[in-house]
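Notes for the structure review
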Amino acid sequence: MTLSLATLSDAAGGLRDAQSLSQARTTGRDELGQQDFLRLMTAQLQNQDPFSPMENGEFLAQMAQFSTVSGLESVNATLGQISSQIGGSRIVSGAALLGQQVLVPGTIARPDEEGTIHGVIDLPQSATDVRVEFRDPQSGALLHRIELGPRQAGLAGFAWDEVPPAIAEARAPVRLSVMATGPEGGLALSPSVYARITGVQLPESGTDLMLDIEDYGLRSSLEIDAMR
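Residues numbered from 1 in each chain as written. Predicted model: local features only at pLDDT ≥ 70, side-chain atom pairs only at ≥ 80, totals over all residues. Heavy atoms only, no water.

The subject of this paragraph is the overall build of the protein chain. On a plain count of helices and strands, the protein chain comes out with 4 helices and 11 strands. In the protein chain, buried positions account for 30% of the 228 residues. Across the protein chain, the fraction of contacts at a sequence separation of at least 24, relative to all contacts at a separation of at least 6, is 64%. Accessible surface for the protein chain amounts to roughly 14,400 Å². Of this, 54% is attributable to carbon and sulfur atoms. (Helix = DSSP H or I, 4+ residues; strand = E, 2+ residues; numbered from the N terminus. Buried < 20%, exposed > 50% of the residue type's maximum accessible area, 1.4 Å probe, protein only. Contact = heavy atoms within 4.5 Å. Areas by Shrake-Rupley, 256 points an atom, 1.4 Å probe, with all protein chains shown as cover.)

This paragraph deals with the pattern of salt bridges. Enumeration over the complete set of coordinates arrives at 7 salt bridges. The partner of D215 in a salt bridge is R110, and the shortest N-O contact between them spans 2.8 Å. Here D215, found in the loop between β10 (210–213) and β11 (217–220), pairs with R110, found in the loop between β2 (108–109) and β3 (117–123); they are 105 residues apart in sequence, far enough to count as distant. On the accessibility criterion, D215 (40% relative accessible area) is partly exposed. The residue R171 makes a salt bridge to E214 at a minimum N-O spacing of 3.0 Å. Of this pair, R171 sits in the loop between α4 (165–170) and β7 (174–182) while E214 sits in the loop between β10 and β11, and the two are 43 residues apart along the sequence. A single burial state applies to R171 and to E214, both of which are buried. (Salt bridge = Lys/Arg side-chain N within 4 Å of Asp/Glu carboxyl O.)

Let's shift gears to the layout of surface pockets. Estimated volume of the second largest pocket: approximately 210 Å³. Together, 14 residues line the second largest pocket, and L103, V104, P105, S192 and D225 are the ones closest to its centre. Mapped onto the lining of the second largest pocket, the elements with two or more residues apiece are β1 (101–105) and β3. Each residue belonging to the lining of the second largest pocket can be placed in one class, and the counts come to 8 nonpolar, 2 polar and 4 charged. (1 Å grid on protein atoms, 1.4 Å probe; cavity = no way out; pocket = protein on both sides within 12 Å on 5 of 7 lines; lining within 4 Å. Points joined across faces, edges and corners; volume = space filled by probe spheres on them. Nonpolar A, V, L, I, M, F, W, Y, C, P; charged D, E, K, R; others polar.)

Let's shift gears to the pairing of β11. Pairing between β10 and β11: 4 bridges, direction antiparallel. Bridge assignment links M210 to a residue of β11, and that residue is S220. Hairpin connection from β10 to β11: 3 residues lie between these consecutive antiparallel strands, with D215 at a positive phi of about 75°. (Pairing = 2+ DSSP bridges.)

Attention now moves to the nonpolar core. If you look at the biggest cluster of nonpolar residues, it comprises 32 residues, and the most contacted ones within it are V104, I121, V130, V132, F134, L176 and I213. It is β7 that provides the largest number of residues to this core, a total of 4 residues. Discounting chain neighbours no more than four positions away, the residues touching I121 are V130, V132, L148, G154, L155, A156, F158, V178 and L189. (Core = buried A, V, L, I, M, F, W, Y, C linked by side-chain atoms within 4.5 Å.)

Here we take up the environment of R171. Owing to a relative accessible area of 15%, R171 belongs among the buried residues under this scheme. For the pair R171 and P111, spaced 60 residues apart in sequence, the C-alpha separation works out to 5.5 Å. Setting aside residues up to four positions removed in sequence, R171 forms contacts with R110, P111, R196 and E214. Here P111 takes part through its backbone oxygen, which lies 3.2 Å from a polar atom of the side chain of R171. (Polar contact = N/O pair within 3.5 Å; in protein donor to acceptor, adjacent residues only side chain to side chain.)

Moving on to the confidence of the model for the protein chain. The predicted coordinates ought not to be read in detail in places where the model reports low pLDDT. Here the protein chain averages 76 in pLDDT, while 58% of its residues score no lower than 70. Here residues 1–15 is modelled with pLDDT under 50, and outside its nearest four sequence neighbours on either side it reaches 10 contacts, counting other chains as well. Per-residue pLDDT stays below 50 along residues 24–28; that stretch engages in 2 contacts with residues further than four places along the chain or on separate chains. (pLDDT = per-residue confidence, 0-100.)

Structure, rendered in structure tokens:
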């Protein structure tokens, strides 16, 4: 049986390919790396049929595939670094939020570091009189009252800056109630108060932090409208 030069060349190339694959398996790797790719390409060039050499287009196509794979590996590595940096910055940002006060809808409030209780009322319509009362959450006893007087529809801020020292030093909670008098009579409103962030949770997926807010539990950072 007569073997042509092309047949011998193909056989030699196949033998070298098999040896390379065997070496890859021996080293415990299940994928071919860049060096394996270059060795296979070099063996292919050295053992090609001299009467029918590889076309330039075929060579360029293989190199393009090699470059694409290398480029994807570089992109994956870069994305991994960016992800690590973003994760680190989120941890730093979360730590910076601890102790800050955010505005949340609610009727329980505590004095801040200056001994003041702040809040906001959203009036759905104009009122001839607006009153904010602060009471003991246990006994219901009246502690303080703020008369805001006539107000236009919209947001109206209020502050109790003369909180008794016993309440301010202990940062004891107080309960708020808001009454407004309008064209249709009296109306009870739900205020928003500033409450302290006591913890931050970083979810594995998503961009919003979960804030643990004193007296109000976990709230998404996307729900927060204002911060002090």
